[in-house]
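Residues per chain are reported as follows:
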Amino acid sequence: MSAGLDGVVAAETRLSEVDGEAGRLIIAGKELPELVRDYGYEGTAALLWAGLAPNSDTASVRIGLGRARVHAYTMVPKLLAACPGLTPIEALRLGLSLLADEDATPHHLLVTGAVPVFLAAILRQRDRLAPVAPDASLATAAYFLRLLHGQRQPQKIERARDAYI
């Protein structure tokens, strides 16, 4: 019987480590429960982007994502006009194709900020609801929930969504 791939290193990365035997996932040097508890979505993104992108501290990432969402929202009318009959994934791909390479917003923020804007608008259109204007002051999870439901959700729900995304 073959040993399979046990012990074979397929790739090395500074970003994550999986210790399956101990049931641990370590991302950017932090255990997953610590990330959920102490960092949230924007903080985790900042850890992952540290050294790879400028201004990758939590506050800068949160502000940058807020600005990117506001920018992406300007493309929603064009996106919604072009996506009737498409599945949400097809429409999301179409939306991402609207992002310009020449955009002044750093690409990692532009794409990460655009996805919740486009997806919420697509899903709301499917349900015959109007898109919801952005609020750059909200964290990504709270913002996405507001876009989907049309209003802020209880803080407990927002924290749960932040841990999930």
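Anything mentioned here points back to the structure above.
Residues numbered from 1 in each chain as written. Predicted model: local features only at pLDDT ≥ 70, side-chain atom pairs only at ≥ 80, totals over all residues. Heavy atoms only, no water.

Turning our attention to the overall build of the protein chain. Scanning the protein chain from terminus to terminus reveals 7 helices and 3 strands. Across the protein chain, helices and strands are ordered from the amino to the carboxyl terminus as β-β-β-α-α-α-α-α-α-α. Judged by the C-alpha coordinates and their principal axes, the protein chain covers about 55 × 40 × 35 Å. Buried residues in the protein chain amount to 35% of all 165 residues. The contacts in the protein chain between residues at least 6 apart in sequence include a share of 50% that link residues at least 24 apart. Of the roughly 10,100 Å² of accessible surface on the protein chain, 56% is carried by carbon and sulfur atoms. Between the mean site of the 17 positive side-chain charges and the mean site of the 18 negative ones, the protein chain shows a separation of 11 Å. (Helix = DSSP H or I, 4+ residues; strand = E, 2+ residues; numbered from the N terminus. Buried < 20%, exposed > 50% of the residue type's maximum accessible area, 1.4 Å probe, protein only. Contact = heavy atoms within 4.5 Å. Areas by Shrake-Rupley, 256 points an atom, 1.4 Å probe, with all protein chains shown as cover. Lys, Arg positive; Asp, Glu negative; His and termini not counted. Charge placed at Lys NZ, Arg CZ, Asp CG, Glu CD.)

For the structure on display, the rule yields 0 aromatic pairs. Above the ring of Tyr 143, the side-chain terminus of Arg 69 is found at 4.3 Å from the ring centroid. (Phe/Tyr/Trp six-rings, centres within 6.5 Å; stacked < 30°, edge-to-face > 60°. Lys NZ or Arg CZ within 6 Å of the ring centre and 35° of its normal.)

Take the pairing of strand β1 (residues 16–19) next. The sheet contact formed by β1 and strand β2 (residues 24–27) spans 4 bridges and is antiparallel. Bridging from a neighbouring strand, Asp 19 pairs with Arg 24 of β2. Counted along the chain from β1 to the antiparallel partner β2, the turn is 4 residues long, and its residue Gly 23 has a positive phi close to 70°. (Pairing = 2+ DSSP bridges.)

We now examine unusual backbone geometry. If you check the backbone angles, Ala 28 has positive phi at about 50° while not being a glycine. With respect to the helices, strands and loops of the structure, Ala 28 is situated in the loop between β2 and β3 (30–31). One non-glycine residue, Arg 128, lies in positive phi territory at about 60°. Turning to its location among the elements, Arg 128 is positioned in the loop between α5 (107–126) and α6 (140–149). By relative accessible area, which is 75% here, Arg 128 ends up exposed.

So, on to the nonpolar core. Core analysis: the biggest nonpolar cluster contains 22 residues, and Val 76, Leu 99, Val 117, Phe 118 and Ile 122 have the highest contact counts within it. Those elements that place two or more of their residues in this core are α3 (76–82), α4 (88–97), α5 and α6. With residues near it in sequence (within four places) discarded, Ile 122 still touches Leu 79, Leu 80, Pro 88, Ala 91 and Leu 92. With 7 residues, the next largest nonpolar core counts Ala 45, Ala 53, Val 61 and Leu 109 among its residues. (Core = buried A, V, L, I, M, F, W, Y, C linked by side-chain atoms within 4.5 Å.)

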